[in-house]
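Structural features, examined
Listed here are the chains, written in short residue letters.
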Amino acid sequence: MGKRLVAVGVVLAFLVGVPAGPAGAVGAELSAAFSRSSVWSTGYGGQVVVANAGDVESSGWVVEFDLPPGSSVANAWSSALTRDGQHYRFANAGFNGRVSPGGTVSFGFTVSGLGLPTGCTVAGVPCEGGGPVPDTSAPTAPAGPRVTGVTATSVSLAWGASSDDVGVADYQVLRGSTAVASATSTAVTVGGLLPSTAYAFTVRARDAAGNVSGASAEVAVTTGAGGSAVDVATTAQLQAALAAAVPGQAIRMAAGVYRGAFVITRPGTAAAPVTLTGPADAVLVNDGPSGSAPSCPTPTPGWDPGYGLWLHDAPHWNLVGFTVRESKKGIVVDNSHHTVIDHVRVHHVDEEAVHFRRSSADGVLRDSAISHTGLAQPGYGEAVYLGSANSNWACHGNSGGVDRSDRVQVLGNRIGPGVAAEHVDVKEGTFDGVIRGNTFDGTGISGQNSADSWVDVKGVGYTIEGNTGTFAAPGTFANGYETHNPATTPSFPNGCGTVWRDNRSDLGGVGQYAIRITSTSKCAGAPNVVHASNTATGAVNGLTNIPVTP
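Nothing here was measured: the structure is a model prediction, and the numbers come from that model. (Residues numbered from 1 in each chain as written. Predicted model: local features only at pLDDT ≥ 70, side-chain atom pairs only at ≥ 80, totals over all residues. Heavy atoms only, no water.)

Attention now moves to the sheet that holds strand 39 (residues 455-457). Within the open sheet, the ten strands sit side by side as 21-24-27-30-33-36-39-42-45-48. Their pairing is parallel. Each of the sheet's edge strands pairs with one partner strand only, and the pair in question is strand 21 (263-264) and strand 48 (542-544). By the bridge criterion, three bridges tie strand 39 to strand 42 (residues 481-483) in an arrangement that is parallel. Residue pairing for strand 42: Val-455 is matched across the bridge by Tyr-481. (Pairing = 2+ DSSP bridges. Helix = DSSP H or I, 4+ residues; strand = E, 2+ residues; numbered from the N terminus.)

See the structure below:
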């Protein structure tokens with residue numbers, strides 16, 4: 001647990017019987033307890049808990065303190081902040097001024113610099129006392145990671161448990177700096193790997209407060225041999241190899257430009273996925289569309305939709321290393337669960353870059369680069385599109401009338417600049433995905449078709465953590481992350497239950513909030529949670545428009 005900073009005079013209380021004037025009711029006994037909820041090399045997140053030990057409800061409160069030169073409050077939430085030099089005044093927001101007897105409210109802020117508050121007062125009276133102190137102690141590093149199983153496309157790992165003063169919440173397995181798997185136990189299987197390839201992994205632990213341990217020792221392993229390999233160097237060879245692909249096979253592209261329609265309809269299996277691989281200068285280009293389109297997209301003789309690469313009813317494929325460009329859409333994944341897209345580049349496409357559609361669940365997009373999308377239709381130029389709008393479920397709602405592209409993970413990608421719509425658009429009816437460790441460059445976002453944020457979440461129960469987002473002109477930018485709550489049939493708690501943790505946002509002096517939650521009342525049963533470990537700079541209004549969770 002963290003320690004109270006009494007020595008620097010920042011954990012203080014309003015004494016019994018001191019009139020609060022317009023900021024409090026006579027008879028209220030208020031205390032203000034400061035603690036640091038998170039700390040990094042150039043600043044920290046702070047929280048103040050205002051408690052009422054009296055027998056009369058307060059009608060408002062004001063907390064004031066000073067920061068030393070070189071430190072400043074970057075943003076605040078759940079309060080109205082004013083500043084005079086190094087002196088900061090936090091008045092209650094409209095929703096949290098009344099503190100009932102025995103009750104508490106809180107507000108938070110981030111500080112640029114490491115200087116701690118001094119001279120804290122509540123309604124002009126020196127503070128003293130305490131409040132709940134957030135957990136700031138990280139778990140110990142996991143011990144002795146070891147390999148417990150190897151296949152051609154997966155590695156099973158186990159490790160010794162970490163310890164924590166409160167309790168370990170989960171473990172993350174990293175390949176380099178990208179978290180590729182997570183588990184609440186001390187074992188996991190990492191899938192989507194290439195045959196006969198060397199990998200190295202580390203493990204770190206995390207507690208419920210978001211504190212992260214150091215990394216474990218590295219464990220190295222080489223995957224087993226796969227099935228047959230097919231080498232291709234021309235468009236015709238590639239099209240023939242895709243049409244004849246069998247489970248366990250690796251199709252290896254030589255460097256060069258492959259121009260044409262590339263459709264995958266042959267499935268792999270969980271034990272023997274199919275791999276399409278090539279260097280970054282193996283480039284897929286589609287000059288379509290052409291021909292007469294069916295009412296809903298499905299492979300049809302004589303019709304080319306113009307997709308750079310299209311998987312249709314083809315689960316268990318690994319797509320590795322190559323580039324897709326100059327196509328109507330980049331990579332479209334239809335009814336093809338367990339598709340892994342790894343170290344792929346998609347750029348200069350007319351519409352979206354990567355689309356998991358028609359219940360393409362359990363997919364992964366990792367360590368890839370996407371830029372310059374929406375060249376023909378900016379409002380439809382998403383970098384990553386998860387699911388389908390409910391208006392398109394008639395075509396793509398193949399799971400009980402819904403597009404259930406659930407549990408897709410977007411990990412460690414570089415997205416932008418030149419992405420004309422959302423960097424990740426999470427559609428209604430999708431559940432439990434992960435957006436982690438990505439870099440979002442919002443330069444060039446168009447604002448068309450409500451495309452004015454890095455991430456728009458209309459799905460349910462997502463985890464969004466460890467991402468870094470920036471914005472600079474040109475572009476139209478409203479907020480870093482947004483939620484929306486469209487009504488659907490069947491009904492879901494759309495736009496609810498998502499957790500934001502450890503995201504860093506620079507809104508360039510333009511964006512209103514780093515994280516804007518559209519509705520709390522529609523998510524009463526599955527609230528969205530914004531942790532204090534998120535930070536924001538250059539925000540017009542601050543980190544978020546809802547109370548922050550330590």
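Aromatic rings considered in pairs are described by the distance between their centres and by the relative angle of their planes. For the structure on display, the rule yields 18 aromatic pairs. When the centroid spacing of 6.4 Å and the interplanar angle of 70° are considered together, the rings of Phe-440 and Tyr-481 count as edge-to-face. Taken as a pair, Phe-440 in strand 38 (residues 439-441) and Tyr-481 in strand 42 lie far apart in primary sequence, 41 residues in all. Note on accessibility: Phe-440 and Tyr-481 belong to one class, buried. (Phe/Tyr/Trp six-rings, centres within 6.5 Å; stacked < 30°, edge-to-face > 60°. Buried < 20%, exposed > 50% of the residue type's maximum accessible area, 1.4 Å probe, protein only.)

A few words now on the state of the cysteines. Considering all chains together, one arrives at two disulfides under this definition. In this model, Cys-296 is linked to Cys-395 through a disulfide, with the two sulfur atoms separated by 1.9 Å. On the sign convention where negative is left-handed, the bridge of Cys-296 and Cys-395, at about -75° about the S-S bond, is left-handed. Here Cys-296, found in the loop between strand 23 (282-285) and strand 24 (307-312), pairs with Cys-395, found in helix 2 (residues 393-396); they are 99 residues apart in sequence, far enough to count as distant. The exposure class of Cys-296 is partly exposed, given its relative accessible area of 25%. Overall, Cys-395 belongs to the partly exposed group, its relative accessible area being 22%. In this model Cys-496 forms its disulfide with Cys-523; the gap between the sulfur atoms is 2.0 Å. One disulfide, between Cys-496 and Cys-523, carries an S-S torsion of -75° and so falls in the left-handed class. Within this pair, whereas Cys-496 is found in the loop between strand 42 and strand 43 (499-501), its partner Cys-523 is found in the loop between strand 45 (513-516) and strand 46 (529-530), the two being separated by 27 residues in sequence. (Disulfide = S-S within 2.5 Å.)

Turning our eyes to something else, we now look at the sheet that holds strand 40 (residues 463-465). In spatial order, the strands read 18-19-22-25-28-31-34-37-40-43-46; together these eleven strands make up an open sheet with parallel pairing. In this open sheet, the two edge strands, each paired with only one partner strand, are strand 18 (229-232) and strand 46. The pairing of strand 43 with strand 46 spans two bridges and is parallel. Following the sheet pairing, Val-499 is matched in strand 46 by Val-529.

Bringing the pairing of strand 6 (residues 79-84) into the picture now. A regular strand carries its side chains on alternate faces of the sheet. The sheet contact formed by strand 6 and strand 7 (residues 87-92) spans six bridges and is antiparallel. By the bridge assignment, Arg-83 is partnered in strand 7 with Tyr-88. The antiparallel pairing of strand 6 with strand 7 creates a hairpin that spans two residues between the two strands, and Gly-85 there sits at a positive phi of about 65°.

Quick look at the side chain of Ser-371 now. Tracing the backbone shows Ser-371 in strand 32 (residues 369-371). Excluding anything up to four places from it in sequence, Ser-371 contacts Val-346, His-347, His-348, Gly-416, Pro-417 and Val-419. (Contact = heavy atoms within 4.5 Å.)

A separate point is the environment of Glu-57. Here Glu-57 is to be found in the loop between strand 3 (43-52) and strand 4 (62-66). Separated by 388 residues in the primary sequence, Glu-57 and Ile-445 place their C-alpha atoms 47 Å from one another. Within the local environment of Glu-57, its side chain forms a polar contact with the side chain of Arg-98, the two groups lying 3.1 Å apart. (Polar contact = N/O pair within 3.5 Å; in protein donor to acceptor, adjacent residues only side chain to side chain.)

Inspection of every chain in the model, using the stated rule, returns 19 salt bridges. With its nearest N and O atoms 3.6 Å apart, the salt bridge here joins Asp-367 to Arg-175. Highlighted residues: Asp-367 in the loop between strand 31 (364-366) and strand 32 and Arg-175 in strand 13 (residues 168-175), separated in sequence by 192 residues. A cluster of three or more residues bridged by salt bridges with shared partners is formed by Asp-170, Arg-206, Arg-436, Glu-465 and Arg-501. (Salt bridge = Lys/Arg side-chain N within 4 Å of Asp/Glu carboxyl O.)

What follows is about the side chain of Arg-175. For Arg-175, a relative accessible area of 14% gives the class buried. A polar contact of 3.4 Å, which involves the side chain of Arg-175, links it to the side chain of Asp-342.

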